[in-house]
Amino acid sequence: ITFDELRIAYKQQVEALIDGGVDVLLVETIFDTLNAKAALFAIEEVKEERNIDIPIMVSGTITDASGRTLSGQTVEAFLLSISHIPLLSVGFNCALGADQLQPYLQRLSNETDFYTSAHPNAGLPNAFGEYEQTATEMNVLIEAYLKDGLINIIGGCCGTTPEHIKLIADTATKYKPRLIPVNV
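What counts and what doesn't
- Residues numbered from 1 in each chain as written.
- Predicted model: local features only at pLDDT ≥ 70, side-chain atom pairs only at ≥ 80, totals over all residues.
- Heavy atoms only, no water.
- Buried < 20%, exposed > 50% of the residue type's maximum accessible area, 1.4 Å probe, protein only.
- Helix = DSSP H or I, 4+ residues; strand = E, 2+ residues; numbered from the N terminus.
- Pairing = 2+ DSSP bridges.
- Right-handed = clockwise from strand over helix to strand, strands pointing away.
- Salt bridge = Lys/Arg side-chain N within 4 Å of Asp/Glu carboxyl O.
- Phe/Tyr/Trp six-rings, centres within 6.5 Å; stacked < 30°, edge-to-face > 60°.

A short note on the pairing of strand E2 (residues 56-60)
- Burial of E2 is extensive: five of the five residues sit out of reach of the surface.
- Across the two faces of E2 the burial is the same, with Ile56, Val58 and Gly60 and Met57 and Ser59 all buried.
- Inspection of the sheet shows strand E1 (residues 25-30) paired to E2 by four bridges, in the parallel sense. From the neighbouring strand, Leu25 faces E2, where its bridge partner is Ile56.
- The parallel pair E1 and E2, bridged by helix H2 (residues 33-50), forms a crossover whose chirality is right-handed.
- Taken together, the four bridges between E2 and strand E3 (residues 89-97) define a ladder with parallel strand orientation. Paired with Ser59 across the strands is Gly91, a residue of E3.
- Considered for its hand, the β-α-β crossover made up of E2, helix H3 (residues 75-82) and E3 is right-handed.

Describing the pattern of salt bridges
- For the coordinates displayed, the defined rule picks out nine salt bridges.
- Here Arg50 ties to Asp19 by a salt bridge, and the two come within 2.7 Å at their closest N and O atoms. Here the residue Arg50 occupies a position in helix H2, and Asp19 occupies one in helix H1 (residues 3-19), the gap between them amounting to 31 residues.
- In this structure Arg50 comes out as partly exposed when scored by relative accessible area, which is 32%.
- With relative accessibility at 58%, the residue Asp19 sits in the exposed group.
- One salt bridge in this structure joins Asp53 and Lys47, with 3.2 Å as the shortest N-O distance.

As for the packing of aromatic side chains
- On inspection of all chains with the given rule, the structure shows one aromatic pair.
- Ring centres of Phe78 and Phe92 lie 5.7 Å apart, and the angle between their planes is 35°; on these two criteria the pair is classed as tilted. One end of the pair, Phe78, is in helix H3; the other, Phe92, is in strand E3, and 14 residues separate them in sequence.
- With relative accessibility at 0%, the residue Phe78 sits in the buried group.
- Among the residues examined, Phe92 registers a relative accessible area of 0% and is labelled buried.

This is the structure we're talking about:
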């Protein structure tokens, strides 16, 4: 697929989502920023054509302990490649559980003046592709993000259930959001 074909496909999706009444657009599970740039370009195009401003969240995926996206970008390179867009937030989701994701959120949080988000998996999948981390186990790990002031937006990805999200949401009410660093 070409960049232009991808941009057009994303533009159709963005138009449909906006027509459907969404409040925010989340470009997520990014493993290749060229692909993400097609989505972000399409969003900006629709915003300009419709003379609207809708918040945009971006969430990348660190694929393994190397701390890189599937296309090989570090946390810092990922952030740099999308920072020219006016974003509500930047963060990470999927591929890793909350414990494995924490060091990358720390690096991201230290480097950006965007709000930060995290949507980790409920642990890592077992041999059958099932996620076994309980809501309580995941919540303990997420609470560390909150205590350390790493995030502004929290949720869950693969394997999370309404029970996981409820417990995380209840815990998040006890903490203040991450403060945006000065002179990042």
